[in-house]
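For reference, the chains in residue letters:
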Amino acid sequence: MNRLSTSLGSYPLSSPLIAASGTLGSLVEFADVVDFSVYGAATAKSVSPEPWQGNAVPRLAHTHSGILNAIGIQNPGIESWIASYAEGLRNLPTEVWGSVVAHGIDGFHVVASSMADAGVAAIEINLSCPNLAGAPFALEPSISADVVAAVRDATDLPIGAKLSSDAQPISAVAQAVSDAGADWVIVSNTVMGAGIDPVTRRPLLSGLIGGYSGAPIRPIAIRSVLEISRDLPDLAIVGCGGVSKAEHVIEFLLAGASAVAIGSAHFKSPRVAGRISRDLTRFLKKHHIVSISELIGAYERW
Ligand SMILES: Cc1cc2nc3c(=O)[nH]c(=O)nc-3n(C[C@H](O)[C@H](O)[C@H](O)COP(=O)(O)O)c2cc1C
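All of the points below concern the structure found in this document. (Residues numbered from 1 in each chain as written. Predicted model: local features only at pLDDT ≥ 70, side-chain atom pairs only at ≥ 80, totals over all residues.)

**With respect to the pairing of strand 13 (residues 236-240)**
Sheet faces and side chains relate simply in a regular strand, where the side chains alternate between the two faces.
Thought 1: Burial analysis of strand 13 places five of its five residues in the buried class, the great majority of the element.
Thought 2: The alternating pattern of strand 13 places Ala236, Val238 and Cys240 on one face and Ile237 and Gly239 on the opposite face, and all of these are buried.
Thought 3: Sheet topology places strand 10 (residues 184-187) next to strand 13; four bridges connect them, and they run parallel. Paired with Val187 across the strands is Gly239, a residue of strand 13.
Thought 4: Strand direction decides the pairing type here: strand 13 and strand 14 (residues 259-262), joined by three bridges, are parallel. Among the inter-strand pairings, Gly239 is bridged to a residue of strand 14, identified as Val260. (Buried ≥ 20, exposed ≤ 12 C-beta atoms within 10 Å, placed from the backbone. Helix = DSSP H or I, 4+ residues; strand = E, 2+ residues; numbered from the N terminus. Pairing = 2+ DSSP bridges.)

**Description of the nonpolar core**
Thought 1: Ranked by internal contacts, the top residues of the largest apolar core, which has 97 residues, are Val100, Val151, Leu163, Val185, Val238 and Val260.
Thought 2: Apart from the residues within four sequence positions on either side, Val260 is in contact with Pro16, Leu17, Ile18, Val238, Gly239, Cys240, Val243, Val249, Phe252 and Leu253. (Core = buried A, V, L, I, M, F, W, Y, C linked by C-beta atoms within 7 Å. Contact = placed C-beta atoms within 7 Å.)

**Digging into the environment of Ala246**
Thought 1: Its location among the elements puts Ala246 in helix 6 (residues 246-255).
Thought 2: Of the residues examined, Ala246 has 20 C-beta atoms within 10 Å and is grouped as buried.
Thought 3: Those residues in contact with Ala246 that lie beyond four places of it in its chain are Ile276, Asp279, Leu280 and Phe283.

**With respect to the sheet that holds strand 11 (residues 191-193)**
Thought 1: The strand order across the open sheet formed by four strands is 5-6-12-11, and the pairing between neighbours is antiparallel. Each of the sheet's edge strands pairs with one partner strand only, and the pair in question is strand 5 (60-63) and strand 11. Sheet twist, expressed as the average angle between the axes of neighbouring strands with direction ignored, equals 35 degrees.
Thought 2: In terms of strand pairing, strand 5 meets strand 6 (residues 66-69) through four bridges, oriented antiparallel. The residue bridging Leu60 from the neighbouring strand is Asn69, located in strand 6. (Axes fitted to C-alpha atoms, helices over the stretch in contact; angles between N-to-C directions.)

**Regarding the site of the ligand**
Thought 1: As a matter of local geometry, the ligand sits amid 25 residues, with Ala20, Gly22, Ser213, Gly263 and Ser264 nearest to it.
Thought 2: Grouping the constituent residues of the shell around the ligand by class yields eight nonpolar, 15 polar and two charged. (Near = placed C-beta within 6 Å. Nonpolar A, V, L, I, M, F, W, Y, C, P; charged D, E, K, R; others polar.)

**Let's talk about helix 5 (residues 218-231)**
Thought 1: In this model helix 5 runs 20 Å from its N-terminal to its C-terminal C-alpha over 14 residues, within 8% of the 20 Å that 1.5 Å per residue would give.
Thought 2: Looking only at helix 5, the buried set comprises Arg218, Ala221, Ile222, Ser224, Val225, Ile228 and Ser229. The buried residues of helix 5 occupy an angular sector of 160 degrees when the element is viewed end-on, so they sit on one face. Turned more than 90 degrees from where helix 5 packs its buried face, Pro219 and Arg230 sit exposed. (Expected span 1.5 Å × (residues − 1). Arc of directions from axis to C-beta.)

**Some details on the packing of helix 1 (residues 78-90) against helix 2 (residues 105-118)**
Thought 1: At a minimum axis separation of 10 Å, helix 1 and helix 2 run at an interaxial angle of 20 degrees. In this view, helix 1 runs roughly parallel relative to helix 2, as classed from their interaxial angle. Crossing hand, helix 1 versus helix 2: right-handed. Along the contact surface, helix 1 presents Ile78, Ile82 and Ala86, while helix 2 presents Val111, Ser114 and Ala118.
Thought 2: Considering only residue class, the contact of helix 1 with helix 2 consists of five nonpolar, one polar and no charged. (Parallel < 35°, antiparallel > 145°, perpendicular 65-115°, else oblique. Left-handed = near helix turned anticlockwise from the far one by under 90°.)

Written as structure tokens, this is what we have:
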């Protein structure tokens, strides 16, 4: 039996490990480097209706504690994405989730519909990008719900909505996207951050503010998962933020996640999921845990 199998509601996963969007590129270019069979699913980088050029450099900065990025979701647009990657993605030995992004509701509908036709297994909705009013969709329950409803209208595939820990309270957004048809939530994307070089006095990112990721955001993401699993116990959660070890995966599961996405840790080691997967199995055997799903939401209260 596979001790690592889990599920997001009725959607089965052979492993709780998910590759987080944008951290292994389009996935296809890592096919010779990474053993994708260790992931329950791998999420491709977000794709928009038209090509996006991304932001001016510097747009990625390694701080002493985590990564700041403002790539601006550079991508070739859905038409070219399908022509370049759809076939390669179908040949990866894991479930591939497409990630949709747009500045307006119609754009999400268009991309989701084309991605579904291209053969992805599920659609992830990146709600962290600014809408036409300039604020991230993910901060507003009703706007996030409108996006999810548009994607629900475009496809019968399972849908995951990727939330932001910057939203307060995050459970209100989770409730809204669940009501609008999301099958699970990914908790969460980067949190907003910034930095300034004390010598040059220049911001670390050309656009001043960007997304902060890596180890320091794990407690923030764990807090978000705890809040959502407390308020919406029936909603399936993919935990995400600062995962680089098997122990981190277990922490997210205990908090209430059913699966866990690995992001920035891929930059240090694209093969990190293989090690985490082996260590998870070792942990389960050592602690006589038959199935990893026993751990979901199973933290002990003081
Ligand atoms: C360079 C970079 C690019 C990213 N691109 C995307 C993206 O295209 N779509 C998306 O939904 N999230 C994107 N993310 C966010 C990650 O998927 C993940 O949610 C976030 O980094 C938190 O996880 P981590 O701390 O493990 O990195 C990106 C993150 C980084 C660092």
